[in-house]
Amino acid sequence: WLRWRANLTLDRISQLGGHSFPRTHRPSSGMAGTELVRALQKQVETYASKEAGAQLVVMKRTRATRLVLDDSGAVSGLEWRHTQTHESGAIHTKNVVIATGGYSNDHSEDSLLARYRPDLVKFA
């Protein structure tokens, strides 16, 4: 779906470390991970744009503090807090996608990296 939805060319199949056979689909130019992230980011920005009717909201540097559940126990939103401005609020919606920036990008004192691998904090 990345080929047609994100207009991403994955024209090479490579064998990477640990693989017994070539199986990684990648572009012939650029690094696989970088190209995938760029293509997906472009699609997300398109769906979040006002021109597209702002079909989704992207909240960067924001921590989900609590999932909101409806009477049946299904997730119906979340409460959030911005990590820099400390502004907070709640979003009530049918769909919630929680995407982390990778826990090594969390530089707060109570980050998962600080909690579980404090020896690696200096490298993040």
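Here we summarise the structure given alongside this text. Model, not experiment: these values are computed from the prediction.

About the criteria used
- Residues numbered from 1 in each chain as written.
- Predicted model: local features only at pLDDT ≥ 70, side-chain atom pairs only at ≥ 80, totals over all residues.
- Heavy atoms only, no water.
- Helix = DSSP H or I, 4+ residues; strand = E, 2+ residues; numbered from the N terminus.
- Rg over C-alpha atoms; globule rule 2.2 N^0.38 Å.
- Buried < 20%, exposed > 50% of the residue type's maximum accessible area, 1.4 Å probe, protein only.
- Areas by Shrake-Rupley, 256 points an atom, 1.4 Å probe, with all protein chains shown as cover.
- Lys, Arg positive; Asp, Glu negative; His and termini not counted.
- Charge placed at Lys NZ, Arg CZ, Asp CG, Glu CD.
- Salt bridge = Lys/Arg side-chain N within 4 Å of Asp/Glu carboxyl O.
- Pairing = 2+ DSSP bridges.
- Axes fitted to C-alpha atoms, helices over the stretch in contact; angles between N-to-C directions.
- Contact = heavy atoms within 4.5 Å.

**Looking at the overall build of the protein**
- Looking only at helices and strands, the protein features three helices and five strands.
- Reading the secondary structure of the protein in the N-to-C direction produces α-β-β-α-β-β-β-α.
- A compact globule built from 124 residues would reach a C-alpha radius of gyration of about 14 Å, whereas the protein, at 19 Å, exceeds it by more than 25%.
- With 124 residues in all, the protein has 16% of them scored as buried.
- When the accessible surface of the protein is totalled, it reaches about 10,000 Å², and 53% of it is carbon and sulfur.
- In the protein, 17 side chains carry a positive charge and 12 a negative one; their mean positions are 8 Å apart.

**Observations concerning the pattern of salt bridges**
- Enumeration according to the criterion identifies four salt bridges in this entry.
- Between Arg 38 and Glu 35 there is a salt bridge; the shortest N-O distance is 3.5 Å. Residue Arg 38 and its partner Glu 35 are both found in helix H2 (residues 32–48); the two are separated by three residues, about one turn of the helix.
- On the accessibility criterion, Arg 38 (53% relative accessible area) is exposed.
- A salt bridge links Arg 63 to Asp 110, with the nearest nitrogen and oxygen atoms 3.4 Å apart. Remark: Asp 110 occurs in the loop between strand E5 (88–92) and helix H3 (112–116) and Arg 63 occurs in strand E3 (residues 62–69); sequence separation between them is 47 residues.
- Arg 63 gets classed as partly exposed once you look at its relative accessible area, which sits at 24%.
- Take Asp 110: its relative accessible area is 43%, and that puts it in the partly exposed class.

**Section: the pairing of strand E4 (residues 75–82)**
- Note: E3 against E4, seven bridges, orientation antiparallel. Paired with Leu 67 across the bridge in E4 is Leu 78.
- Two strands pair when backbone bridges link them, and E4 and E5 are joined in this way by five bridges, in the antiparallel orientation. Within E5, the position partnered with Gly 77 by the bridge is His 92.

**Structural notes on the sheet that holds E5**
- Pairing in this open sheet of three strands is antiparallel, and the strands run E3-E4-E5 from one edge to the other. One side of each edge strand has no neighbouring strand; the edge strands of this open sheet are E3 and E5. Each strand axis lies, on average, 25° off the axis of its neighbour in the sheet, ignoring direction.

**What about the environment of Pro 22?**
- Looking at the element boundaries, Pro 22 is found in the loop between strand E1 (12–14) and strand E2 (24–26).
- With relative accessibility at 46%, the residue Pro 22 sits in the partly exposed group.
- For the pair Pro 22 and Ala 32, spaced 10 residues apart in sequence, the C-alpha to C-alpha distance is 14 Å.
- Residues contacting Pro 22, with those up to four places away along its chain left out, are Ile 13, Ser 14 and Gln 15.

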